[in-house]
Structures are given as C-alpha cells and as structure tokens.
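# Remarks on the overall topology
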Amino acid sequence: MSQHLLQAKYLSINTSFKCAQGWQEFEIESWDVDHTQSVVGAQAFMTSQTAKAHVILFQHIFKITSADTGLPIMFHHIHGASFEAVIADSHKGQGLAWLRDKLDGTKFALPVIYQPASLIPIHL
C-alpha cells in the first residue's frame, strides 16, 4: 500500500463517523486508473479529532510510507513531483493540523492561503 500511495497523484482524505461506535475511521484513498477503482492507501481509527491528533497521525503515516519504500513524501507544489492534489473533507482537525504544520514548519505553501502568517513580503 505504501508504494501505491506514493505513486498516486490525487489523494482523497476522509473521516467517517459511521463504522464503529465511539471511533472515527480515517482513510487516505487514491484512484487506480489501470483498474478504475478507489484504493485505500492508509487507514486508521481515531478517538480524537483535534489538530494535534491529526498531526501525529500524518507523521506516522508519512514515516511508515517512507520506511516501507525508502522514498520521502513529496508534494508537487513544493517539490515538483508526487502528490498534485489532496482533497479532504471539511473536518476542522485536519485543517488545523495542516495550518499548524505550515506555521511551525515550512512556510512555502502558506502564502496562497493565509498571507499574514507568511514570511514572503506582499510586494513580491
């Protein structure tokens, strides 16, 4: 699954509240063009929907995927290769996790969405 996940260009991230009572099912899916079907590349069950829980979850998914394949996680808009688009449901924890990562880590993708937190001057 790790290899398939890294080969994907378009990801869909979804959290479902219907699978197991008291748990939320988190999935990262991609589309397999050759077989015309959706493929789950990562799945986890969570009890917390906070930004911190999502940061930990993404860190583990990325670490496992990189360890399995020997390749880093890359995003097309940052690295020029790999994931071209990521579509996520509108869960607050996922969005806050992404924003926290951009505020604490790399600032590269943030200016497009939230200029006040950017390190790039407006006049550029």
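Refer to the structure above for everything that follows.
Read on for a plain summary of the structure. The numbers attached to residues start from 1 for each chain and follow its sequence in the written order. Where local features are concerned, this predicted model is filtered to residues with pLDDT of at least 70; where side-chain atom pairs are given and counted, the filter is 80 or more; whole-chain, interface and lining totals use all residues. Where side-chain values are given, they derive from all heavy atoms of the structure, hydrogens and water being excluded.

### Remarks on the overall build of the chain
Put simply, DSSP H or I for four residues or longer makes a helix, DSSP E for two residues or longer makes a strand, and each gets a number counted from the N terminus. For the chain, the count of helices and strands is four helices and four strands. Tracing the chain from N to C terminus, the helices and strands come up as α-β-β-β-α-α-β-α. Whether a residue is buried, partly exposed or exposed follows from its accessible area with a 1.4 Å probe, protein chains only, as a fraction of its type maximum: under 20%, in between, or over 50%, in that order. Residue burial in the chain is summarised as follows: out of 124 residues, 34% are buried. In what follows, residue pairs with any heavy atoms lying within 4.5 Å of each other are defined as contacts. In the chain, 45% of the contacts between residues at least 6 apart in sequence involve partners at least 24 apart. When the accessible surface of the chain is totalled, it reaches about 8,100 Å², and 60% of it is carbon and sulfur. Exposure was quantified through the Shrake-Rupley algorithm and a 1.4 Å probe, taking into account, for residues, occlusion by the shown protein chains and nothing else.

### Overview of the packing of aromatic side chains
Aromatic pairing here means that ring centres of Phe, Tyr or Trp (its six-membered ring) are within 6.5 Å. Orientation follows from the plane angle: under 30 degrees is stacked, over 60 is edge-to-face, and everything else is tilted. Using the criterion set out here, one finds four aromatic pairs in the structure. Here the aromatic rings of Phe58 and Phe62 are separated by 6.1 Å at their centres, their planes lie at 40°, and the arrangement is tilted. You can see Phe58 and its partner Phe62 sitting in helix H2 (residues 51-69), four residues apart, about one turn around the helix. With a centroid separation of 5.4 Å and 65° between ring planes, the pair formed by Phe75 and Phe83 is classed as edge-to-face.

### A short note on the sheet that holds strand E1 (residues 10-16)
One requirement defines pairing of two strands: DSSP has to find at least two bridges between them. Strand order in the open sheet formed by four strands is E3-E2-E1-E4, and the pairing between neighbours is mixed. For this open sheet the edge positions go to strand E3 (37-46) and strand E4 (85-88), each flanked by a neighbour on one side alone. Ignoring strand direction, the axes of neighbouring strands in this sheet form an average angle of 20°. In the sheet, strand E2 (residues 24-32) pairs with E3 via nine bridges, with the strands oriented antiparallel. For Gln24, the partnering residue across the bridge sits in E3 and is Met46. In the packing of H2 onto the sheet, contacts are made with E1, E2 and E3, and the angle to E2 comes to roughly 45°. As a rule, the C-alpha atoms of each element are fitted with a line to give its axis, helices using only the stretch in contact, and angles between N-to-C directions run from 0 to 180 degrees.

### Considering the nonpolar core
The nonpolar side chains of a soluble globular protein tend to be buried, and buried together. Grouped together as the largest cluster of nonpolar side chains are 16 residues, with contacts concentrated most on Leu11, Phe26, Ile28, Leu57 and Ile61. At the level of secondary structure, the elements contributing two or more residues to this core comprise helix H1 (2-7), E1, E2, E3 and H2. Once you skip the residues sitting within four places of it in the chain, Leu57 turns out to touch Phe26, Ala44 and Met46. Put simply, a nonpolar core is a bunch of buried Ala, Val, Leu, Ile, Met, Phe, Trp, Tyr and Cys residues held in one set by side-chain atoms that sit within 4.5 Å of each other.

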